[in-house]
Amino acid sequence: MMKTCRLKICGLSRFGDILAANDILPDYIGFVFAESSRRVTLDKAAQLRQELDKRIKAVGVFVNAPMEEILELSGHREKKRVIDLIQLHGDEDEAYIRQLKQYTRLPVIKAVRVRSREQILKAQELPCEYLLLDTYTKGKYGGSGARFDWNMIPELSKPYFLAGGIHTGNVRQAASHGPYCIDVSSAVETEGRKDRRKMEEMARALQ
């Protein structure tokens, strides 16, 4: 059966997470470089990436990061590339994205903490390849584990990742709204650590 949409498992931080991902083969995994319980250092991400199945693309998740940090992971200036896509989850604006694109060809995902339909439509005009629609939580840049009203999502010409409060019980409903990719993190964890069984169940639910 054809997969309804792609799957991204975010917040991998241990070698066991990578081994599980290699067996399950999500389309994307995420390394979080922002303040988070799932944060990894640049060196740790490079070590984990070496063990990652080459069929899985690695996304670097950043919140208002210095551009040099992103470029270091993007294979800039002969450095070994650690990530395949750049996810901007902070207050990065059009100017920031344009400047970043002068130095790297990696695709950019811009996260939108959804508050209105108009906000999503406006974000679609940004010079990024993908949007990521996540739940707005005051004072937080993401990772709330809560969902927003998916009926607010307008028809978009730009492909988007859908995040926030998605679990095996509602993932098919989430996929029916037409996202390019479903993005999960806490839903596939037990006590703050990635859980292979939950990762497998999520991948199965999307098949």
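What you see is a predicted model; the values in this text were computed from it and never measured.

1. Topic: the layout of surface pockets
- In this structure, the second largest pocket encloses a volume near 410 Å³.
- The wall of the second largest pocket is formed by 15 residues, among which E92, K110, A111, Q119 and L126 lie closest to the centre.
- Mapped by element, the contributors of at least two residues to the lining of the second largest pocket are strand 5 (108-114) and helix 5 (117-123).
- No other element matches strand 5, which puts four residues into the lining of the second largest pocket.
- Residues of the lining of the second largest pocket, tallied by class, amount to five nonpolar, two polar and eight charged.

2. With respect to the nonpolar core
- F31, I86, L100, L133, L162 and I182 are the most contacted members of the largest nonpolar core, which totals 58 residues.
- Not counting residues up to four positions away in its chain, the partners in contact with F31 are L12, I18, V40, A45, L48, R49, A58, V59, G60 and V61.
- Formed by eleven residues, the second largest nonpolar core is a distinct cluster that contains Y28, L85, A163 and Y180.

Rules and cut-offs
- Chains are numbered independently. Their residues run from 1 in the order of the written sequence.
- Totals for whole chains, interfaces and linings use every residue, but because this is a predicted model, local features are given only for residues with pLDDT of at least 70 and side-chain atom pairs only at 80 or more, for both listing and counting.
- Only hydrogens and water are set aside; all other atoms, that is, all heavy atoms of the structure, feed into the side-chain values.
- Grid points spaced at 1 Å over the protein atoms alone were grouped into cavities, where a 1.4 Å probe fits but cannot get out, and pockets, open sets with protein on both sides within 12 Å along at least five of seven lines, with lining residues defined by an atom within 4 Å of a point.
- Grid points are joined across faces, edges and corners, and a volume is the space filled by probe spheres set on the points.
- To qualify as a helix, a DSSP run of H or I must reach at least 4 residues; to qualify as a strand, a run of E must reach at least 2; elements of each kind are numbered from the N terminus.
- When residues are sorted by character, Ala, Val, Leu, Ile, Met, Phe, Trp, Tyr, Cys and Pro go into the nonpolar class, Asp, Glu, Lys and Arg into the charged class, and all the rest, Gly among them, into the polar class.
- Take the buried residues of types Ala, Val, Leu, Ile, Met, Phe, Trp, Tyr and Cys, join any two whose side-chain atoms come within 4.5 Å, and each joined set is a nonpolar core.
- Note on classification: 1.4 Å probe, protein chains only; a residue is buried when its accessible area is under 20% of the maximum for its type, exposed when over 50%, partly exposed between these limits.
- Should any heavy atoms of two residues lie within 4.5 Å, those residues are considered in contact.

Worth remembering: the numbers are spatial, not functional.
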